[in-house]
Amino acid sequence: GCLLLWLLPSVLRAQSNGEARPRSTPCQQSPTKVSCKGVGLRKFPKELGQGVKYLELSNNFIQNLSGSYMPGFGQLEYLDVCFNQLEAVSATTLAQLPQLRSLLLGSNHLDRNYLTNGQAFRLLRNIEVLDLSANNLESHMAGWYVSNLTGLRMLDLSGNKMTILPAGIFRSAPRLRELDLSNNYIMEIEEGAFEALEELEVVNLALNSLHCISGFSLTQLQVLNLSHNALELFVSEEGAEPYLLQVLDLSHNRLLYFPELPKAHYLTHLNLSNNLIASLLPGSGQPGEFVLRYEEMARFNRTSHTTAGLTHVVDLDLSNNQLELFPFTFFHSLGSLHSLSLATNCLQDVAGEPLAGGTEPSDRSPAPLERAVLSVRSLDLHGNAIRVLPRWFFDSLPQLETIDLGSNSLQPCESRGSDRGGSLGGGSHVPAPGGTCTPFYNVPRLKHLSLCKNNITRLHPYAFSQTSLLSLDLSGNKDLFVSKEALGGLEFSLQKLSLRGNQMDDSKAELPCLDALKVLDLSGNNLSLLPTGLFCSPLESLDVRNNNLLTLEKLALASWSRSLKDVSVAGNPFSCCSLAWLDT
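Scope of this entry: the structure provided in the associated data block. (Residues numbered from 1 in each chain as written. Predicted model: local features only at pLDDT ≥ 70, side-chain atom pairs only at ≥ 80, totals over all residues. Heavy atoms only, no water.)

Applying the stated criterion across every chain, the model contains three disulfides. Here C27 engages in a disulfide with C36; their sulfurs sit 2.0 Å apart. Disulfide C27 to C36: torsion about the S-S bond roughly 110°, handedness right-handed. Accessibility assignment for this pair places C27 and C36 in one class, buried. Sulfur-sulfur distance for the disulfide between C413 and C437 comes to 1.9 Å. (Disulfide = S-S within 2.5 Å. Buried < 20%, exposed > 50% of the residue type's maximum accessible area, 1.4 Å probe, protein only.)

Attention now goes to the packing of aromatic side chains. Tallied over the entire structure, the rule returns 18 aromatic pairs. Measuring from ring centre to ring centre gives 4.3 Å for Y54 and Y78, while their planes differ by 5°; the resulting arrangement is stacked. With Y54 in strand β3 (residues 54-56) and Y78 in strand β5 (residues 78-80), this residue pair connects regions lying 24 residues apart in the sequence. With relative accessibility at 23%, the residue Y54 sits in the partly exposed group. Given the relative accessible area of 22%, Y78 is considered partly exposed. Aromatic rings pair up to connect F258, F326, F328, F330, F331, W392, F393, F394, F440 and F464 into one cluster. Across the ring face of Y54, the terminal group of K33 is positioned such that the distance to the ring centre comes to 4.6 Å. Here the guanidinium or amino end of R42 rests over the ring plane of F61, the centre of that ring lying 4.9 Å away. (Phe/Tyr/Trp six-rings, centres within 6.5 Å; stacked < 30°, edge-to-face > 60°. Helix = DSSP H or I, 4+ residues; strand = E, 2+ residues; numbered from the N terminus. Lys NZ or Arg CZ within 6 Å of the ring centre and 35° of its normal.)

Secondary-structure assignment places T438 in the loop between β26 (429-430) and β27 (448-450). On the basis of relative accessibility, which here comes to 0%, the residue T438 falls in the buried class.

Bringing the pattern of salt bridges into the picture now. This model, assessed by the stated rule, comprises seven salt bridges. Of the charged contacts in the structure, one is a salt bridge between E401 and R445, with a shortest N-O distance of 3.6 Å. Placement of the pair is E401 in the loop between α7 (391-395) and β24 (402-404) and R445 in the loop between β26 and β27, with a sequence separation of 44 residues. Judged by relative accessible area, which is 36%, R445 ranks as partly exposed. A salt bridge links D521 to R500, with the nearest nitrogen and oxygen atoms 3.3 Å apart. Here D521, found in strand β32 (residues 519-521), pairs with R500, found in the loop between β31 (496-498) and β32; they are 21 residues apart in sequence, far enough to count as distant. (Salt bridge = Lys/Arg side-chain N within 4 Å of Asp/Glu carboxyl O.)

Given below as structure tokens:
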């Protein structure tokens, strides 16, 4: 109180003399960097300390970049004014920013006054990075803004209202390397739109309204994203120069066939997920109702040399299409393929050799004497209607380490005698009658297997013998019966096991001693006791939620006392009189 009374006269004197009380700036400042992000600024700051190179003004209420002499801006290299209410940029201001390299103006109102603003942009002689995203810019506005930025390297025009890329729109930015045009309304790309951009490497055209890519000829591109359009056709142009394209995303379109790619390219990642591709086999008939709406389709020799140039592809995603057959022949030439997804298709069978046009997918081709092998290490086939995989399927995938077969209708075969490490001759396998089971034994490189939601009711003895699995998912198989020998052969390898949601009672879960098991999920069953075979496992994570457990055996918890890190026990009718296991 005394201090306040002592200060009051001087404060009143200052106010009566018209003096403003000193205010501390809300910005964070260092010798070369000033951040005024989200501090409520309504005007561009007029003064900065000498030598500031980085200025962040995003998330404020600034409406214009204009003003008279502004000392301290001569060294500025980076200016961020995103998420403001910016609608006017003056030449006076930009003339005082001779060193500016990066200008971020996304999420403003630069569609207003675009003629005057674009004229001012001509003073940005050294600009290399420009963000004009989400400014309601139409095609002619965007073209005007970049009409004289000869040193531009990265341009973001995403989230605008562009409908067409006219010829020569980027002619004045010949050094452009990365271009983001995603989330517009682009329906047409005129010939010559990218003609001057000899250094262009990355183009993002996702989330537009393109229906056809004909005569694709950007040989210098390395990354092209055309996802989430309405593409029905993708045809490249053959030329003398090889294509440098490495990543191509054509997902979420309306492609009916595998795209026609150039013969010579360096493509490593190809995403064709969420399209309408129904066949990869050469000569397969077109749907009767399909009409040739493009001239290019008449000369489109599908699959004739489609795979010839895919020798470098490492990752191929064909998930969420309409494939009914897994044609091994199609993938034979993909010598570098490591990851392949055919998830959520209509697969019912696999074909070892090409089928003639009109052959029904259900007609299986016999395994040839000398079958070519695939280099695939990770294979995703979940969400199909596969009933059986023959032995040659795994023999053709000698490098296979991970396979997801969830949500199919596969039944594992039984293998006898192999628990002792004996020979896996023909007599040691006992397939189900009619060859309706799949042999998962003796697949030496396989480490991760998912068979969730396959309606498996019984797991036969030694079903995974001599397949050194590290993880096994058998969840979602209602009333599954697992005999004690079912996991025989996995005692020293299996580290992660899921039996979640199988509604198994104590009599159906007879697990052996799994010496390497670290993660176990038994949730969603009807267990009243933990399988005794687990007591020797060095468990680190145990999930027994939603069972009928009255208690947890102290013997089990004592054996896990040094290894167990987390345990989930909710949803069990634990007895309040049998909680001594908590002490352990």
